[in-house]
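# Fold and geometry: a report
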Amino acid sequence: MIPRARHLTAVGLLAAALTACGTADGERPAPAVSRVSAPPSPVRPPVLAPGPGGLTPVFEHGPRTRGKTVALTFDADMTADQGPRAASGEHFDNPGLINALRTLKVPATVFMTGRWADQYPTEARALGHDPQFEVANHSWSHYAFTADCYGLPTVDADGMRADVQRAYASLRAAGVPHAMPYFRFPGGCYDQRALRALSGLGVTAVQWDVVSGDAFATDADAVVKQVLDRVKPGSVVVMHCTRSAAPTTERVVRTVVPELRERGYRFVKVSELIGQSGAHR
């Protein structure tokens with residue numbers, strides 16, 4: 001969650017049996033020759049090449065000259081201490097928003113904390129199996145990876161890597177089969193120490209260039225205006241899918257999507273924007 005202070009982010013085996021035809025004089029046909037092809041290798045999602053010294057790369061937006069594409073991203077976050085609040089009835093999920101995206105046929109990237117996947121495994125699994133969405137890593141705890149990050153508790157340098165790995169483990173346990181190799185820092189806060197801590201994990205850190213301002217917002221129209229005023233070709237928009245902390249987001253999406261389509265924009269996942277970038281591998 002970006003706090004208020006920021007004001008506003010079948011594969012199967014193929015078997016082919018080749019059987020020779022019988023000859024004219026009635027000889028028995030030659031034995032069938034069975035050839036089984038190896039399963040195709042899964043296509044790895046595009047990631048940015050590491051920086052100097054293997055430093056974790058950071059992606060903020062796609063190319064500005066490759067057409068009017070925009071990626072809507074949604075942070076599904078919970079801090080490690082919010083379990084009791086969820087147990088008492090507070091909603092950190094937003095099924096209405098997800099249904100709106102499905103109805104509007106908008107592909108999207110969901111950055112999910114491991115804590116959220118632990119709390120809502122059925123929803124996490126549904127998102128992970130829906131080709132309209134891709135699920136990426138937003139840490140396990142949603143604790144900050146730098147000091148002074150909008151009041152969030154912090155993860156020390158020794159715990160950063162483990163926190164990301166624990167999140168991937170939670171996503172797998174919830175039934176997300178192919179979590180993307182993308183990571184979003186809680187609060188969007190990072191520094192060189194954090195990038196070094198995640199080096200070697202093979203992830204691309206994904207930021208954004210459009211802050212929707214939906215976190216804690218009560219005025220949907222203001223959020224809509226902020227998004228529409230700031231979107232450019234290749235933009236990454238950060239929003240949230242936590243009802244209690246971003247109650248206007250579904251209404252925002254239902255307004256923003258048709259307006260951007262009217263302006264000629266096409267909605268894509270983050271992976272497509274990274275794939276359009278010349279720096280990917």
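The sections below set out a description of the structure shown in this document. (Residues numbered from 1 in each chain as written. Predicted model: local features only at pLDDT ≥ 70, side-chain atom pairs only at ≥ 80, totals over all residues. Heavy atoms only, no water.)

## Focus: the overall build of the protein chain
Along the backbone of the protein chain there are nine helices and eleven strands. By residue count, 50% of the 281 residues in the protein chain fall in the buried class. Working note: accessible area of the protein chain is about 13200 Å², and carbon and sulfur atoms make up 54% of it. (Helix = DSSP H or I, 4+ residues; strand = E, 2+ residues; numbered from the N terminus. Buried < 20%, exposed > 50% of the residue type's maximum accessible area, 1.4 Å probe, protein only. Areas by Shrake-Rupley, 256 points an atom, 1.4 Å probe, with all protein chains shown as cover.)

## A few points about the side chain of E134
Along the chain, E134 falls in strand β6 (residues 133-137). Among buried Asp, Glu, Lys and Arg side chains, E134 stands out as unpaired, with K269 the closest opposite charge at 5.1 Å. A polar contact is formed between the side chain of E134 and the backbone nitrogen of V270, at a distance of 3.1 Å. When near neighbours in sequence (up to four residues on either side) are disregarded, E134 contacts A108, T109, V110, M180, Y182, K269, V270 and S271. (Lys, Arg positive; Asp, Glu negative; His and termini not counted. Salt bridge = Lys/Arg side-chain N within 4 Å of Asp/Glu carboxyl O. Polar contact = N/O pair within 3.5 Å; in protein donor to acceptor, adjacent residues only side chain to side chain. Contact = heavy atoms within 4.5 Å.)

## Here we look at the nonpolar core
Soluble globular proteins tend to pack their nonpolar side chains together in the buried interior. Formed by 57 residues in total, the largest nonpolar core has its most connected members in F74, L101, M112 and F145. Each residue touching M112, except ones within four places of it in the same chain, is listed here: A76, A117, A124, L127, V135, A136, N137, H138, S139 and L171. By size, the runner-up hydrophobic cluster in this structure holds 17 residues, among which are A71, Y182, V236 and L273. (Core = buried A, V, L, I, M, F, W, Y, C linked by side-chain atoms within 4.5 Å.)

## Here's the deal with the state of the cysteines
Across all of its chains, the model carries one disulfide by this definition. Residue pairing for C149: its cysteine sulfur links by disulfide to C189, the two sulfurs lying 2.1 Å apart. For the disulfide bridge between C149 and C189, the dihedral angle about the S-S bond is near 80°, and by the sign convention the bridge is right-handed. You can see C149 sitting in the loop between β6 and α5 (157-174) and its partner C189 sitting in the loop between β7 (182-183) and α6 (192-197), a full 40 residues away along the chain. (Disulfide = S-S within 2.5 Å.)

## Concerning the layout of surface pockets
In this structure, the largest pocket spans a volume of roughly 510 Å³. In terms of lining residues, the largest pocket is bounded by 18 residues, among which V43, P45, H178, A179 and M180 are the most central. Here the element with the most residues in the lining of the largest pocket is β6; it accounts for three residues. When its residues are assigned to classes, the lining of the largest pocket shows eleven nonpolar, three polar and four charged. (1 Å grid on protein atoms, 1.4 Å probe; cavity = no way out; pocket = protein on both sides within 12 Å on 5 of 7 lines; lining within 4 Å. Points joined across faces, edges and corners; volume = space filled by probe spheres on them. Nonpolar A, V, L, I, M, F, W, Y, C, P; charged D, E, K, R; others polar.)

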